[in-house]
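Spelled out from the first residue to the last, the chains are:
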Amino acid sequence: MIRRAVSLALTLALATPLAVSAADYSVQAGSTLGFTSNFQGSSFDGHFNKWTAAISYDPAKLASSKFDVTVDLATAKTGDNDRDSALPGPDFFNVAKYPQAHFVTTAFHQQGNQVIADGTLTLRGVTRPVSLSVVFKPQGSGATLDVTGTVKRLDFGVGGGQYADTSVIGADVKITAHLVLAAK
């Protein structure tokens, strides 16, 4: 009896690492990655046309979940020609030197009814911690994943120098993503 219990415990212990993996998803058409800020007191929205995301997520297995997102900063669009031509330049994203931003999670945790993805964002060569709220909704063999958070642009040197005045360009930039996911 004891041998059988030890054998069962050993089998479960060896199988557990395989069972704790989060599900891998591919990002589908209809997914968006956007941002909101303000200029001279007026809010504006923007989005990135080109980005990739590796998503491994299961709300019951947060310890093995992971997001890894790379953004092509030159594809930022806000609908305003002046702003759209300034964003890739040296005063803002400086895409000639830093063409991409990169976010990768370091941990997930439950905060009340909400899941928080903690990670690091690298933008303009600066890496800082960023936390994002996560809403995951399974749908058939896929899911939707909505992510929101706020970054302080000056922490990354975005809009520094003559554009550092936060009464002209807001200090906070809200990040939003809506991902349509298919199970791999």
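Below you will find a few notes about this structure. (Residues numbered from 1 in each chain as written. Predicted model: local features only at pLDDT ≥ 70, side-chain atom pairs only at ≥ 80, totals over all residues. Heavy atoms only, no water.)

Once that is clear, we can look at the pattern of salt bridges. This model, assessed by the stated rule, comprises two salt bridges. Residue D58 is joined to K61 by a salt bridge in which the shortest nitrogen-to-oxygen separation is 4.0 Å. Two residues, K152 and D172, come together in a salt bridge whose shortest N-O distance is 2.6 Å. One end of the pair, K152, is in strand β10 (residues 142-152); the other, D172, is in strand β11 (residues 172-183), and 20 residues separate them in sequence. Judged by relative accessible area, D172 falls into the partly exposed class, the value being 37%. (Salt bridge = Lys/Arg side-chain N within 4 Å of Asp/Glu carboxyl O. Helix = DSSP H or I, 4+ residues; strand = E, 2+ residues; numbered from the N terminus. Buried < 20%, exposed > 50% of the residue type's maximum accessible area, 1.4 Å probe, protein only.)

Here the largest pocket is characterised by a volume of approximately 820 Å³. Around the largest pocket, the lining is made up of 42 residues, and of these F35, F48, F93, V173 and I175 lie nearest the centre. In terms of residues, the lining of the largest pocket owes the most to one element, strand β2 (residues 32-39), which gives six residues. Across the lining of the largest pocket, the residue classes tally to 33 nonpolar, five polar and four charged. (1 Å grid on protein atoms, 1.4 Å probe; cavity = no way out; pocket = protein on both sides within 12 Å on 5 of 7 lines; lining within 4 Å. Points joined across faces, edges and corners; volume = space filled by probe spheres on them. Nonpolar A, V, L, I, M, F, W, Y, C, P; charged D, E, K, R; others polar.)

Bridging between β2 and strand β3 (residues 42-48) involves six bridges; their strand directions are antiparallel. Bridge assignment links F39 to a residue of β3, and that residue is S42. Counting the residues in the hairpin turn of β2 and β3 gives two residues, including Q40, whose phi is positive at 50 degrees. (Pairing = 2+ DSSP bridges.)

Mapped onto the elements of the fold, D58 is located in the loop between β4 (51-57) and β5 (66-72). Residue D58 is classed as buried on the basis of its relative accessible area of 19%. In contact with D58, not counting residues within four places along its chain, are A22, A23 and S65. (Contact = heavy atoms within 4.5 Å.)

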